[in-house]
Every structure is written in structure tokens, then in C-alpha cells.
Amino acid sequence: MMQDFLPPRRLLLGPGPSLVHSRVLHAMATPLLGHLDPVFLGVMNDIQTLLRRTFATANRFTIAISGTGSAGMEAAVVNLVEPGDAVVVGINGVFGTRLATLVERCGGKAIRVEAPWGRIIEPEAIASALQRSGPVKAVAVVHAETSTGAWQPIEPVGRLCRDYNALLIVDTVTSLGGAPVEVDRWGIDACYSATQKCLSCPPGLAPFTLSDRALAAIKNRRTACQSWYLDMALVANYWAEQTRAYHHTAPISMLYALREGLRLVEEEGLAARYARHRLNSDALIAGLMALGFDPLPLPGQRLPMLSCVSLPPSIDDAAVRARLLETYGIEIGGGLGPLKGKVWRIGLMGESSTEANVLTLLNALEELGIRYGWVSAPGVALQAAARVYSGGTGS
Ligand SMILES: *Cc1c(COP(=O)(O)O)cnc(C)c1O
């Protein structure tokens, strides 16, 4: 007989998943309802209402896709991009690269607008790509590039999309619930996220919203959507109150979790939640800089829920992260692709974003620094963080 599985205690400070509130875990352990039970349909309505508030949108088509954030990304592209469509894609990290791959898998032409990893995509670069290319179906950008910590401005990109009559697709997987996402005000047509980052639920659903312009584009498709599972025209019949037709069995327990997670967001209030993420990341960055880490993105372009920092040369990436996990139970993320071994990605997302967690991590790093000899003045990181918390300057 296999033994019971009891996960060890972990402090999840990586690029997702984040810590999950006990109320969310309890919600998942409540009895199942049928996915067409009128009571469960009420749960779905609640989720739609709460998601519209979190996305700051009046879009009727606001749902949770069955699948992780990548399912949301795939749904946006596979529904809006048809063979031959040109799509301008901002690429400054892993997730922009993945968007371009998806566009090409749908038979679209990806017009790549690249920036060095860690930098944002300058809106002027998107403007000149739109100017140079012929008609463009859509522009796709990543709001919070989790592989580099860069915080992409969306509003100017939205204005360009209006000028050039292109749809705007935005990845808010890491930002939603941790920094403002203004779907209507920024003119976003397709926006997707995930549950396991700043919404602090387990992975498994992708919050998703489509504007009326996006719905019209789907209605006017020349070809059938390549995906059956992610065909939003079909999935809509399950989420729309007038139809409620079976498409696939909804992940009931995951939807319970999301409803509770969104209720927690609402109880805290979006503004307070964004301010909490900002303050804790300012304190973390101050502490890390005192230890010799160097933030990859420029000041003013650093995400409040994911800090990507270059390692001082004296630090052994794998050894220190392994010790953080073994000794302290703390998970942080390493670098992806070209940044492997060069950076750490520290997430302070949702429930994980607390003063106690920032101080716990900095304390652990100072101790490991003393042990391995890369901290010469113990206490500097905690002092720098404490200054931010007591009202001093952040980054
Ligand atoms: C995590 C992430 C994804 C992918 O989400 P999964 O839930 O891992 O499928 C997509 N985009 C960004 C920016 C992410 O951080």
C-alpha cells in the first residue's frame, strides 16, 4: 500500500502557484453539485459578476475557461486568429514568444516586435510595426512578463489598436488581482488570466473576457475555430443564462475555489490589494539590493508581484535555492531560457504578498549569505526593508 501523501510546509514565493487561503481550500472540499444544477448556475453567475469587477469591464462575455493560463492564451489566439491573419506580437520574454508560436500554429503571420528581456515593448515600436505592415487583425502583448518582471503599459497600445482598427489581446495571467487591469478603459478586446498567481487559488482555471468587437470578429470568422474544446462560440452557450447547454463538464470544485478567491479579493478591495503588492515588493527590492542583487527591469517598469533580480557573481544559484527549500521550506523561481542561472524570480502574489514573508525571505538569505560568505554586513537587508515599511523610500 502506498502511504498517505502529506505535502511538506512550503512558503510559495516563486512565479506561481502562490499560497492559497484556507477559505479557498475549504470551498474546494465542499460537496459537488451537478454542472447544470440551478444552484451551481448561481455560482457561475457570481463568478462572472466578480470577474467583471476584477477585470474592470462590463463585457457580458466574462467567464472562467477550464484549463490553466495557457488555455486562456490559446483560447484568445485560436478564436481570433484565422489563417492568413497578421498579428503584431510584443516579445520580451517567454510568454510573448509563446503568443507568437500560437499565432503561427493558427496559420497567422506573427509580426514580431522585440525588446531585450527585462525591458518593456515601447509603444512607439508597436506604432511603427503597425505603420509598416498592411492590415493587422490584432496586437498581442503581455501585461506582466513573468519571465523578466517587466510591467508593460497597455493604455497606449490600446489607443494604437483603435487607430489601426486592430483587436487588442492582453495576457494578464500574473497581473490580475495584484495590479490594475482596466479592460474597458484600456480598450482590451481579449484578456485572459489564471487562478494561481495573484488570485491565490490552485491552478486550473483561466479567467477570460471578450469585448463586443472580439465577439463580432468571432461571429464573422471565415473558417471554423481549430479548437473544439476552446471554441468560445460553443462555450458561450454554457455560460450564457439564456442557453445553459452542456459543452463540457465544468470543473465544479475549481469554480468553488475561484468564487471564494474572488470574494477574498472583493473583501480586501482592489485598491488596497494593489497597494499591498506595491509596498511588499518595494520592501523586498530594497532588501535584495542591499544584498547586491540588481533588479532586471528599469525603475518604474518593475512588477509589484514578481521581482526579477540578477544574482551577484558570488552566489551559486542552484545551491542557494536548494538550501532555501530544504532549510526554510521557501520556494523561489530561477531564470528561464537565456536568464537561466543568472536571475531569480521572486513572487509576492496574492496571499504570498505579506510583510512577514518578505522579512522571512530576507532573513533566510542573510543567513545563507553568512554561511556561504556573500554577506559581510549581516542585517543590511532587514534594515533596508524595515525602512520601507516604516515609511522610508522604496524603489
Ligand atoms: C504563468 C503564465 C502563463 C501560463 O499560465 P499556466 O497557468 O502556467 O498555463 C502565461 N502567461 C504568463 C505571463 C504567465 O506568467
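Treat the numbers as computed from the prediction; the structure is a model and nothing was measured.

*Asks:* It is not clear to me how the packing of helix H11 (residues 270–290) against helix H14 (residues 380–389) should be interpreted in this structure. Could you clarify?
*Replies:* Helix-helix packing: each pair is described by the crossing angle between the helix axes and the interaxial distance. At a closest axis distance of 7 Å, the pairing of H11 and H14 adopts a crossing angle of 150°. The angle between the axes of H11 and H14 places the two elements in the roughly antiparallel class. In the crossing of H11 with H14, the sense of the turn from one axis to the other is right-handed. Contact residues: Leu-279, Asn-280, Asp-282, Ala-283, Ala-286, Gly-287 and Ala-290 in H11; Val-380, Ala-381, Ala-384, Ala-385, Val-388 and Tyr-389 in H14.

*Asks:* Honestly, the sheet that holds strand E14 (residues 333–334) in this entry has me stumped. Any pointers?
*Replies:* Strand pairing in a sheet relies on backbone hydrogen bonds. The paired strands run either parallel or antiparallel. Overall, antiparallel pairing links the four strands, which are arranged E11-E12-E15-E14 in an open sheet. Of all strands in the sheet, those bounded by a partner on one side alone are strand E11 (294–295) and E14. Pairing between E14 and strand E15 (residues 343–347): two bridges, direction antiparallel. Its bridge partner being in E15, Gly-334 is matched across the sheet by Trp-344.

*Asks:* Any chance you could explain the site of the ligand here in plain terms?
*Replies:* Among the 13 residues in the neighbourhood of the ligand, the closest are listed as Thr-68, Ser-70, Thr-146, Asp-171 and Lys-197. In the environment of the ligand, an oxygen atom lies 2.7 Å from a nitrogen or oxygen atom belonging to the side chain of Lys-197. For the ligand, whose free accessible area comes to 380 Å², the fraction covered by protein is 88%. Only helix H3 (69–80) and helix H4 (94–105) provide two or more residues apiece to the shell around the ligand. Across the shell around the ligand, the residue classes tally to four nonpolar, six polar and three charged.

*Asks:* Just checking my understanding: could you explain the sheet that holds strand E9 (residues 190–192) for this structure?
*Replies:* The strand order E2-E10-E9-E8-E5-E3-E4 describes an open sheet built from seven strands, whose pairing is mixed. Both outer strands of the open sheet, strand E2 (61–66) and strand E4 (109–114), are each paired with one neighbouring strand and no more. Averaged over all pairs of adjacent strands, the angle between their axes in this sheet comes to 20°, without regard to strand direction. Across three bridges, strand E3 (residues 86–91) lies against strand E5 (residues 138–142) in parallel orientation. Following the sheet pairing, Val-89 is matched in E5 by Ala-140. Lying over the sheet, H4 contacts E3, E4, E5, strand E8 (167–171) and E9, oriented at roughly 165° with respect to E3. Across the sheet, helix H8 (residues 212–219) touches E2, E8 and strand E10 (205–210), and the angle it forms with E10 is around 90°.

Reading the values: the criteria
Residues numbered from 1 in each chain as written. Predicted model: local features only at pLDDT ≥ 70, side-chain atom pairs only at ≥ 80, totals over all residues. Heavy atoms only, no water. Axes fitted to C-alpha atoms, helices over the stretch in contact; angles between N-to-C directions. Helix = DSSP H or I, 4+ residues; strand = E, 2+ residues; numbered from the N terminus. Parallel < 35°, antiparallel > 145°, perpendicular 65-115°, else oblique. Left-handed = near helix turned anticlockwise from the far one by under 90°. Contact = heavy atoms within 4.5 Å. Pairing = 2+ DSSP bridges. Near = heavy atom within 4 Å. Polar contact = N/O pair within 3.5 Å; in protein donor to acceptor, adjacent residues only side chain to side chain. Areas by Shrake-Rupley, 256 points an atom, 1.4 Å probe, with all protein chains shown as cover. Nonpolar A, V, L, I, M, F, W, Y, C, P; charged D, E, K, R; others polar.

Honestly, it's all geometry; don't read function into it.
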